[in-house]
Amino acid sequence: MKGLELSRLYYRQEGVRMLDEQFPGLRSKIAAGLIGSGSECYGYDDEISQDHDFEPGFCLFLPGEDIVDDKTAFLLEKAYNKLPKTFMGYSRPRLSPVGGNRHGVFRVSEYFENRIGSRDGSISVYQWLNLPEYVLLECINGDIFEDEGNVITSIRQKLEYYPEDIRKKKIAGYLIMMNQSGQYNYERCLQRNDHGAAALCLNEFVNAAIHVTYRLNRRYTPYYKWMFTGLRQLEKLSVIAEFCEYLLNSGSSETEIDAKKEMIRNVSALIIDELQNQKLTESDSDDLEKQAENVNRRITDNNIRNMNILVGV
């Protein structure tokens, strides 16, 4: 069973009963769901995922103290901790009432402040450019089962994806990285017989290409171990996963090196085609540095456009 479905069933059968019996009227004031860092929040979990942090559990999100006071919050934490420790054959370890848990009771303002530095989801240009992408994704992934009082949904909507100028800035920055690592430095490192540096060039190229691909799909890039899983599921350019895997996993024979050079050209061409499709460039140049400049010029905010092109990388 997928962890998100397990969480939803556990809430419906155990959480709702606990709330209705012990805290009548509270359900309309709080939100319930499952979001965060676990693979189950992305829908990526499998049998291997169940060897750690896999359990029946959910999150209860509370509004401010003016609506749900601290005494009620404390009692709710205790009640959550007393929920059945086994459900549908899965066990739930003993949890402390507060702190460090993926599941349990959270003040929604504190939850987001701890992750993105904002209590209500309003973040600055600097934060958009510098917050780790996987952290933003952890704020909007999973599912909210109930939120009658709009305790958390409106915040998640604010964070749904980058403002368009930020998206363009980040695309431009990673295009530069693709150009420098794959189109320029990879071959120069090979000419010097510096195969270690050449391998690092490929890693940089793949990482940058993956980030550009997610941005062209208007999706946050997940934590590194889920990058390829998510990449294969994207609507656009998912074929890039196959090329990138070859770049990372093939050897260093002359034939394989020639194939890698061709893969770099293929990935670059696919990305340029999509840039054109989204009207982020009109150029047919295969030089990704020039394409990055074209994308950057399409940023409407003068301050963002004039920032260093690598500021969002």
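All values derive from a computational prediction rather than experimental measurement.

Here's the deal with a negative patch on the surface
Part 1 of the argument: Taken together, Glu65, Asp66, Asp69 and Glu110 make up a surface patch of like negative charges.
Part 2 of the argument: Looking at the element boundaries, Asp66 is found in the loop between strand 2 (59–62) and helix 2 (70–81).
Part 3 of the argument: Judged by relative accessible area, which is 72%, Asp66 ranks as exposed.

Focus on the nonpolar core
Part 1 of the argument: Leu60 and Phe61 are the most contacted members of the largest nonpolar core, which totals 57 residues.
Part 2 of the argument: The contact partners of Leu60, leaving out residues within four places of it in the chain, are Tyr11, Met18, Leu19, Ile30, Ala31, Ala32, Leu76, Gly104, Val105 and Phe106.
Part 3 of the argument: In terms of nonpolar packing, the next biggest core, distinct from the first, is built from 41 residues, Met178, Leu190, Phe205 and Leu234 among them.

Overview of the sheet that holds strand 6 (residues 143–146)
Part 1 of the argument: The mixed open sheet is built from four strands, whose spatial order is 5-2-1-6. Bordering the open sheet on either side are strand 5 (104–107) and strand 6, each of which pairs with just one other strand. Along the sheet, successive strands turn relative to each other by an average axial angle of 30 degrees, direction set aside.
Part 2 of the argument: Where strand 1 (residues 31–34) and strand 6 come together, three bridges link them in antiparallel fashion. By the bridge assignment for strand 6, Gly33 is matched with Ile144.
Part 3 of the argument: Lying over the sheet, helix 1 (residues 3–22) contacts strand 1, strand 2 and strand 6, oriented at roughly 25 degrees with respect to strand 6.
Part 4 of the argument: Against the sheet, helix 2 contacts strand 2 and strand 5, and its axis sits at roughly 155 degrees relative to strand 5.

Structural notes on the pattern of salt bridges
Part 1 of the argument: In total, this model carries 17 salt bridges according to the counting rule given.
Part 2 of the argument: The shortest N-O distance in the salt bridge between Arg232 and Glu245 comes to 2.6 Å. On the criterion of sequence distance, the pair formed by Arg232 in helix 9 (residues 227–232) and Glu245 in helix 10 (residues 240–249) is long-range, its members being 13 residues apart.

Overview of the state of the cysteines
Part 1 of the argument: In total, this model carries zero disulfides according to the counting rule given.
Part 2 of the argument: Left unpaired, Cys59 is separated from the closest cysteine sulfur, that of Cys41, by 7.0 Å.
Part 3 of the argument: For Cys59, a relative accessible area of 0% puts it in the buried group.
Part 4 of the argument: Of all cysteine sulfurs, the one in Cys201 lies closest to Cys244, which takes part in no disulfide; the gap is 15 Å.
Part 5 of the argument: A relative accessible area of 0% means that Cys244 is categorised as buried.

Topic: helix 11 (residues 254–277)
Part 1 of the argument: End to end, helix 11 covers 35 Å across 24 residues, agreeing with the expected 34 Å (1.5 Å per residue, within 8%).
Part 2 of the argument: Considered for burial, the residues of helix 11 that qualify are Ile257, Lys260, Met263, Ile264, Val267, Ser268, Ile271, Ile272, Glu274 and Leu275.
Part 3 of the argument: Backbone geometry just after helix 11 places Lys279 at a positive phi near 60 degrees.

A short note on a nonpolar patch on the surface
Part 1 of the argument: Together, Tyr134, Tyr223 and Tyr224 line one region of the surface with nonpolar side chains, adding up to about 330 Å² of accessible area.
Part 2 of the argument: Here Tyr223 lies in the loop between helix 8 (195–216) and helix 9.

How each quantity is defined
- Residues numbered from 1 in each chain as written.
- Predicted model: local features only at pLDDT ≥ 70, side-chain atom pairs only at ≥ 80, totals over all residues.
- Heavy atoms only, no water.
- Patch = residues over 30% accessible without salt bridge, like charges linked within 9 Å, V, L, I, M, F, W, Y side chains within 5 Å.
- Areas by Shrake-Rupley, 256 points an atom, 1.4 Å probe, with all protein chains shown as cover.
- Salt bridge = Lys/Arg side-chain N within 4 Å of Asp/Glu carboxyl O.
- Lys, Arg positive; Asp, Glu negative; His and termini not counted.
- Charge placed at Lys NZ, Arg CZ, Asp CG, Glu CD.
- Helix = DSSP H or I, 4+ residues; strand = E, 2+ residues; numbered from the N terminus.
- Buried < 20%, exposed > 50% of the residue type's maximum accessible area, 1.4 Å probe, protein only.
- Core = buried A, V, L, I, M, F, W, Y, C linked by side-chain atoms within 4.5 Å.
- Contact = heavy atoms within 4.5 Å.
- Pairing = 2+ DSSP bridges.
- Axes fitted to C-alpha atoms, helices over the stretch in contact; angles between N-to-C directions.
- Disulfide = S-S within 2.5 Å.
- Expected span 1.5 Å × (residues − 1).

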